[in-house]
Amino acid sequence: MSKVLSVKELKKAFLAGANQLNAKKDLINELNVFPVPDGDTGTNMTMTILSAAREVDSVEDKNLKDILKAMSGGALRGARGNSGVILSQLIRGFTKELSESGEMDALSLAKAFQRAVETAYKAVMKPKEGTILTVAKGMADKIMELSLTEEEILPLFEKVYAHGEEVLEHTPELLPVLKEAGVVDSGGAGLMAVMEGALRSLRGEKIVLDLELKESGAVSALVGERKNKGEISTADIRFGYCTEFMVNGDHAFTDDEVDALRTYLNGIGDSIVCFSDEELIKVHVHTNHPGDAFEKGLSMGYLSKMKVDNMRLEHHELLIEDASRIAAMEKLDEEQVKPEERKTFGFVAVCSGDGLENIFRDLGVDQVVSGGQSMNPSTEDLMQAVEKINAEHIFILPNNKNIILAAEQVGSILSEQSLAVIPTKTIPQGISAILSFQEEEDFEKNKEAMTESLSYIHSGEITYAVRDTSIDGREIHSGDILFLGDQGLLSAAKDISSAVKESLPKMGEGEILTLYYGEEVKEEDAEALVSEIQNEHPELEVELHRGGQAVYYYIVSLE
């Protein structure tokens, strides 16, 4: 048995871990506590680790530094949802420790586990026990303890994995909501799937790798929505070649070097993504002269992962190369040229549904990223939206609690850009935030006012249960209509009208009630519900808008 993990073994173990998570993602999605059609922890974690796995797979297994860089950078850029961001931070801390030590014996790996946990905990503002963090910490503590006496790598990981499973099984005792739902933590289960795959690899099991996302219903729906946007006219494509590559240098690139490359690319194209990860620069540009972009990159280092697509030839079929590029490919039919004059303020908002998208654009949002429940955009998706805005200061409105962490990572990558993530957890909060913006105020005052506005709004979402369960002592049956408020479940009923009648008095105080109806709701049914509410609550001013969102029949705002 070996006392040191080789670079080849590390690469194989990581790829096997990604492969195992991909295979189990639908089972992990089913562990969602609330029985609504938005269980996406497995999908978010899988898309995050596959982003890293594809980069790792393209690197030779001789250089530890290159493998670690691919693991960390790929996970960071592909991170989706809270669970995906936390996973990316675990990978980041793990790889940073190994990169600095250059060793992979028992003690070095134990220190890497410890640093992974420290990094992940720092990324979460209010860490909660009974989650993926607890499972990761349990394994980190165990491997540190064992490393003092156990030198062999395989038995060390066998014992750490077994302890992780025990910690996972204990998560319902730490989070009552898990115990009531009868499930373990989904993020912790995802992490253990990664560990399971890695352990199988270390055991020498033959593993058939499949690093393409196995589509679930949620992802298929997302892809379908974006494919059906309509054909793109070649006249709308100003720059015909989608060009991507990575510049690999012999030193850590400075901000000035990256800025100079970005400025050059801006002169030959648009839709530019250009950021560094130490000794690597990731480039994406739409241009009519791919060779010029490559030549500029070659002046800074050697190139890898070069790719050119002729968008005019392929405009009838949007080729989705991987899930982390879905949102970027979606809007090739929009004008992507940055305004000639630099603005003071710019806005990025996340939402699902053409009605909501139009509302945000009418309110002054520059870039709308398609996403929400079961469709969490990645850090790179949000970063690409920011890159398209020529503004001194940019506000990001995630509009979903599971997107906030991914949005906050944009600032860590685009450190030269003045960014503020307003922690909007719902669509109504996002609308309230942008309505609070005042053009004449400065960046900090607007940031404060927009954040403060979130406390003035009450949000609700109406959807349906996908399975039988129990929440807060209340029996839920598959097919029940659920009304979710800011603090959780407000009602479960057999029809929307009954759910609304029970829930409105529980939402809080307000004078204006706004309903945004979803893609599955007919306008006449929505108008009938409004009339019913007005009869029941004459003190309320009720407004109705078409949202066109998936998952939720209605999104409700009370202010």
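Attention in this report is confined to the structure presented alongside it. (Residues numbered from 1 in each chain as written. Predicted model: local features only at pLDDT ≥ 70, side-chain atom pairs only at ≥ 80, totals over all residues. Heavy atoms only, no water.)

With respect to the overall build of the protein
Scanning the protein from terminus to terminus reveals 20 helices and 16 strands. For the protein, the residues scored as buried account for 59% of the 559 residues in total. Counting only carbon and sulfur atoms, one obtains 48% of the accessible surface of the protein, whose full area is about 23,900 Å². (Helix = DSSP H or I, 4+ residues; strand = E, 2+ residues; numbered from the N terminus. Buried < 20%, exposed > 50% of the residue type's maximum accessible area, 1.4 Å probe, protein only. Areas by Shrake-Rupley, 256 points an atom, 1.4 Å probe, with all protein chains shown as cover.)

Looking at the sheet that holds strand S5 (residues 343–351)
Spatial ordering of the open sheet is given by S6-S5-S7-S8, a layout of four strands whose pairing is parallel. At either margin of the open sheet sits one strand with a lone partner, and together these are strand S6 (367–370) and strand S8 (418–421). Across the sheet, the mean angle from the axis of one strand to that of its neighbour is 20°, orientation sign disregarded. In this structure, strand S7 (residues 391–397) lies alongside S8, joined through four bridges in parallel fashion. Bridge pairing in S8 links Ile396 to Val421. Seen against the sheet, helix H15 (residues 379–387) touches S5, S6, S7 and S8 and runs at an angle of roughly 165° to S6. (Pairing = 2+ DSSP bridges. Axes fitted to C-alpha atoms, helices over the stretch in contact; angles between N-to-C directions. Contact = heavy atoms within 4.5 Å.)

Concerning helix H20 (residues 523–536)
Compared with an ideal rise of 1.5 Å per residue, which puts 14 residues at 20 Å, H20 spans 20 Å between its outermost C-alpha atoms and is within 8% of the ideal. Those residues of H20 that fall on the buried side of the exposure criterion are Ala526, Leu529, Val530 and Ile533. Around the axis of H20, the buried residues are gathered within 105° of arc, so they sit on the same side. Where H20 is buried, its residues contact helix H19 (496–507), strand S14 (512–517), strand S15 (541–546) and strand S16 (554–558). (Expected span 1.5 Å × (residues − 1). Arc of directions from axis to C-beta.)

What about a negative patch on the surface?
Taken together, the side chains of Glu439, Glu440, Glu441, Asp442, Glu444, Glu448 and Glu452 make up a negatively charged region of the molecular surface. Following the sequence through the fold, Glu448 ends up in helix H18 (residues 443–452). On the accessibility criterion, Glu448 (55% relative accessible area) is exposed. (Patch = residues over 30% accessible without salt bridge, like charges linked within 9 Å, V, L, I, M, F, W, Y side chains within 5 Å. Salt bridge = Lys/Arg side-chain N within 4 Å of Asp/Glu carboxyl O. Lys, Arg positive; Asp, Glu negative; His and termini not counted. Charge placed at Lys NZ, Arg CZ, Asp CG, Glu CD.)

Looking at the pattern of salt bridges
Taken as a whole and assessed by the stated rule, the structure comprises 24 salt bridges. The closest approach of N and O atoms between Arg80 and Asp381, which form a salt bridge, is 3.3 Å. Placement of the pair is Arg80 in the loop between helix H3 (64–78) and helix H4 (81–101) and Asp381 in helix H15, with a sequence separation of 301 residues. Taking relative accessible area as the criterion, Arg80 reaches 3% and is therefore assigned buried. Its salt-bridge partner being Glu205, residue Arg200 comes within 2.9 Å of it at the nearest N-O pair. Under the relative-accessibility criterion, Glu205 is labelled partly exposed at 34%. Among the charged side chains, a salt-bridge network with shared partners connects Glu158, Arg200, Arg203 and Glu205.

Let's talk about the sheet that holds S14
In space, the six strands of this open sheet follow the order S13-S12-S9-S16-S14-S15, with mixed pairing throughout. With partners counted over all chains shown, the strands left at the sheet margins are strand S13 (488–493) and S15, one partner each. Geometrically, the sheet is characterised by an average inter-axis angle of 20° between neighbouring strands, direction not taken into account. As defined by bridge partners, S14 adjoins S15 across six bridges and the pair is classed as parallel. Bridging across to S15, Leu515 finds its partner in Leu544.

Let's talk about the environment of Ser201
By the secondary structure assignment, Ser201 is in helix H9 (residues 186–202). For Ser201, a relative accessible area of 13% puts it in the buried group.

Digging into unusual backbone geometry
Within the chain, Asn399 stands out as a residue other than glycine whose phi angle is a positive 60°. Turning to its location among the elements, Asn399 is positioned in the loop between S7 and helix H16 (404–413). The phi angle at Val551 is positive, at roughly 70°, despite the residue not being glycine. Note on placement: Val551 falls in the loop between S15 and S16.

Quick look at a positive patch on the surface
A cluster of like positive charges, contributed by Lys126, Lys128, Lys401 and Lys425, occupies part of the molecular surface. Secondary-structure assignment places Lys425 in the loop between S8 and helix H17 (427–435). Looking at Lys425, the relative accessible area reads 47%, which means it is partly exposed.

Thoughts on the packing of helix H14 (residues 354–362) against H17
Put simply, H14 and H17 touch, their axes get as near as 10 Å, and they point 15° apart. Considering their axes alone, H14 and H17 lie roughly parallel with respect to each other. With respect to the hand of their crossing, H14 and H17 are arranged in left-handed fashion. Contact residues: H14 offers Leu356, Ile359 and Phe360, while H17 offers Ile427, Gly430 and Ile431. Of the residues in the contact of H14 with H17, the class split is five nonpolar, one polar and no charged. (Parallel < 35°, antiparallel > 145°, perpendicular 65-115°, else oblique. Left-handed = near helix turned anticlockwise from the far one by under 90°. Nonpolar A, V, L, I, M, F, W, Y, C, P; charged D, E, K, R; others polar.)

As for the pairing of S7
Taken across its seven residues, S7 has six buried, putting it largely inside the fold. Sheet topology places S5 next to S7; six bridges connect them, and they run parallel. When the sheet's bridge partners are listed, Gly346 is paired in S7 with Ile394. Since S7 and S8 lie parallel, the crossover through H16 that links them has a hand, and here it is right-handed. (Right-handed = clockwise from strand over helix to strand, strands pointing away.)

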